[in-house]
Amino acid sequence: MRVVVVGGGIGGLALGAGLRRIGHEVTVFDRDSEVAATGGYHITLDERAQSALARLVAPEIMRRLLASGSALRLRDRDMLWDYRGRLLGYGPDLSGSASIDVDRITLRTLLAEAVGADLCLGRTVTGVGTDDTGIPRVVFVDGASVTADLVVGADGTHSIVARHLAAGPTNHPAGLIGFSGRTRLADLDPAERQRLGTRSTMGIGPRGAALYVGFLDPVGNAALDAPELNMSITTGPTYIWGAMFPESADTDALRRLHGSALQSALIARFRDRKWARHTLEVIARAEPAGVAAFRFNAASTRATDLAPWTAGRITALGDAVHATPPTAGMGAGAAIQDAADLVTQLRSLSADTTDLPAAIGRYEAQARQRGAAVLTAAMRTVRLILATDTTPGAVATATLTPLLAAAARLRPNRRRTANTDDV
Ligand SMILES: Cc1cc2nc3c(=O)[nH]c(=O)nc-3n(C[C@H](O)[C@H](O)[C@H](O)COP(=O)(O)OP(=O)(O)OC[C@H]3O[C@@H](n4cnc5c(N)ncnc54)[C@H](O)[C@@H]3O)c2cc1C
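Residues numbered from 1 in each chain as written. Predicted model: local features only at pLDDT ≥ 70, side-chain atom pairs only at ≥ 80, totals over all residues. Heavy atoms only, no water.

Novice: An account of the sheet that holds strand 8 (residues 119-120) is requested, with residue identities and associated values reported.
Specialist: Through backbone hydrogen bonds, the strands of a sheet pair up, either in parallel or in antiparallel fashion. Strand order in the open sheet formed by five strands is 8-2-1-12-18, and the pairing between neighbours is parallel. Each edge of the open sheet is held by one strand with a lone partner, namely strand 8 and strand 18 (314-316). Where strand 1 (residues 2-6) meets strand 12 (residues 150-153), four bridges bridge the pair, whose relative direction is parallel. Paired with valine 4 across the strands is valine 151, a residue of strand 12. Along the sheet face, helix 12 (residues 356-387) touches strand 12 and strand 18 and points at about 15° away from the line of strand 18. (Pairing = 2+ DSSP bridges. Helix = DSSP H or I, 4+ residues; strand = E, 2+ residues; numbered from the N terminus. Contact = heavy atoms within 4.5 Å. Axes fitted to C-alpha atoms, helices over the stretch in contact; angles between N-to-C directions.)

Novice: I'd love a proper account of the environment of threonine 235, names of residues and values included.
Specialist: Along the chain, threonine 235 falls in the loop between strand 15 (210-216) and strand 16 (238-246). Placed 18 residues apart in sequence, threonine 235 and aspartate 217 show a C-alpha to C-alpha distance of 7.5 Å.

Novice: Describe the sheet that holds strand 4 (residues 70-71), with residues and values.
Specialist: Read across the sheet, three strands follow the order 3-7-4 without closing on themselves; strand pairing throughout is antiparallel. Bordering the open sheet on either side are strand 3 (42-45) and strand 4, each of which pairs with just one other strand. Note that strand 4 and strand 7 (residues 100-103) share two bridges and pair antiparallel. Considered in strand 7, the bridge of serine 70 is made with aspartate 101. Helix-sheet contacts for helix 3 (residues 59-68) involve strand 3, strand 4 and strand 7, and the interaxial angle to strand 7 is about 95°. Packing against the sheet, helix 4 (residues 104-115) makes contact with strand 3 and strand 7, and its axis sits at approximately 80° to strand 7.

Novice: Give a detailed account of the pattern of salt bridges, specifying residues and quantitative values.
Specialist: According to the stated counting rule, one finds 23 salt bridges in the structure shown. Between glutamate 25 and arginine 2 there is a salt bridge whose closest N-O contact spans 3.5 Å. Of this pair, glutamate 25 sits in strand 2 (residues 25-29) while arginine 2 sits in strand 1; the two residues are 23 residues apart in sequence, bridging distant segments of the chain. Across the pair aspartate 78 and arginine 75 runs a salt bridge whose closest N-O atoms are separated by 2.7 Å. (Salt bridge = Lys/Arg side-chain N within 4 Å of Asp/Glu carboxyl O.)

Novice: Let's hear about helix 8 (residues 259-272): which residues, and what values?
Specialist: When the terminal C-alpha atoms of helix 8 are compared, their 20 Å separation across 14 residues agrees well with the 20 Å that a helix rising 1.5 Å per residue should span. Lining the buried residues of helix 8 we find strand 13 (172-184), strand 15, strand 16, helix 7 (249-254) and helix 9 (281-284). Within two residues after helix 8, lysine 274 carries a phi angle of roughly 75°, on the positive side. (Expected span 1.5 Å × (residues − 1).)

Novice: Break down the site of the ligand for me, citing the residues and quoting the values.
Specialist: Taken together, 32 residues sit near the ligand, with Gly11, Asp30, Thr44, Arg104 and Ala332 positioned nearest. Glycine 331 places a main-chain nitrogen or oxygen 3.1 Å from an oxygen atom of the ligand. Protein burial of the ligand: of its 1000 Å² of free accessible surface, 89% is covered by the chains. When contributions to the shell around the ligand are tallied by element, the ones reaching two or more residues are helix 1 (10-21), strand 3, helix 4 and helix 11 (331-347). Counting residues per element, the shell around the ligand draws most heavily on helix 11, which supplies four residues. (Near = heavy atom within 4 Å. Polar contact = N/O pair within 3.5 Å; in protein donor to acceptor, adjacent residues only side chain to side chain. Areas by Shrake-Rupley, 256 points an atom, 1.4 Å probe, with all protein chains shown as cover.)

Novice: An account of the pairing of strand 10 (residues 136-140) is requested, with residue identities and associated values reported.
Specialist: Regular strands place their side chains on alternate faces of the sheet. Alternating positions in strand 10 separate cleanly, Pro136, Val138 and Phe140 being buried on one face and Arg137 and Val139 remaining unburied on the opposite face. Sheet topology note: the strand 9 (residues 125-130)/strand 10 ladder contains five bridges and is antiparallel. Bridge assignment links threonine 130 to a residue of strand 10, and that residue is proline 136. Counting the residues that bridge the hairpin from strand 9 to strand 10 gives five residues, and of these glycine 134 lies at a positive phi of roughly 85°. Two strands pair when backbone bridges link them, and strand 10 and strand 11 (residues 145-147) are joined in this way by three bridges, in the antiparallel orientation. Within the sheet, the bridge partner assigned to valine 139 lies in strand 11 and is serine 145. Adjacent in sequence and paired antiparallel, strand 10 and strand 11 are bridged by four residues, among which glycine 143 carries a positive phi angle near 95°. (Buried < 20%, exposed > 50% of the residue type's maximum accessible area, 1.4 Å probe, protein only.)

Functional significance is not addressed by these values, which are geometric in nature.
Listed below in structure tokens is the structure:
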């Protein structure tokens, strides 16, 4: 069977690798001219995502992934802060977690290696459809086209393929705009370094502002102790942060800024919302070239709304079906699991492919359920952040956070932190 995959991001490459392994003829097309041309942030892969990936790629690729990944079980307990830098509480106990954080660039590079010569870069798809005999066809920007037994749209949030199948968009803006950047732990002042520590944290404040600071250390906290296999682009303890604001004409204007101008504008926006200066040091000390903006898009949280088409010889996976905001850290994992389920369905097909639509239908049912679950988790945080932007929410945030901070101080297992009231 010949499969064409539109989009060589996380899900498309995972699918390409898996199809190659079971002997299908596959080509993955991506508009990017190089695989490293992707977001500089990290991706969390939980146990389910890792076991799906292990079914798709060779054991050697998995070993290199783990050697390049930062183990969540090795970092300190995550914390929740308020906008003044006061501790509000701790995250879940991750000491038994198998999850890893890995640079998106590293993950994509490894997956691209698994796909090898079947990945075609610099190919932008502009259309998809079927010919008179029902054979799927993909059209490129230069007018060229290819046909296949099956076309899979792994072309992300603004998928051309899913839009064709659904006869319209499959997701909508979720109401938040995000800005991400990377800051080396060593570049922070000692007090702030101590406050943030070797953990991931979330800071919340009134009027819809939130600051996630993820901790990544693929060297000191390597998930697999095999330094000779480590190909992480992050070479020391690093914070990868995400600033979030409600979408508005005002925040939209920030998206036109870059580098240090964007950093200064973000800091000014947080300061305007009364955030303590030290909590923003992580933004101020970031590498300016790595600061980027991204919009949160979300599909429906209802499984029945996802992939609303009749199963056939064109399908889609990942964000194309269930675009997921990064607030649950599960979108890429879900795309990988989609790929693994699709490979499992295709593996059991007979050679004449008459049973292909039924197999695609079974895969799409699985993708709908998974998509609804990850979207429900991700939207919980989005709604919480947006709630602080309402008048009652702003009052509640301003009055409740000092109470929560006081309660956290009284807790017997409270860990010592510095700078908790410094403004
Ligand atoms: C800041 C941030 C942090 C995140 N953190 C996490 C996390 O910790 N864990 C997690 O699981 N998920 C995370 N996500 C979400 C995750 O990145 C996505 O859910 C995931 O990448 C979806 O994979 P995908 O293959 O469906 O789409 P993508 O990875 O977006 O890939 C789509 C690909 O299609 C290509 N493409 C698009 N249109 C065309 C076209 N017309 N022609 C050819 N090629 C095309 C693009 O170039 C791209 O390579 C995060 C997202 C962001 C923005």
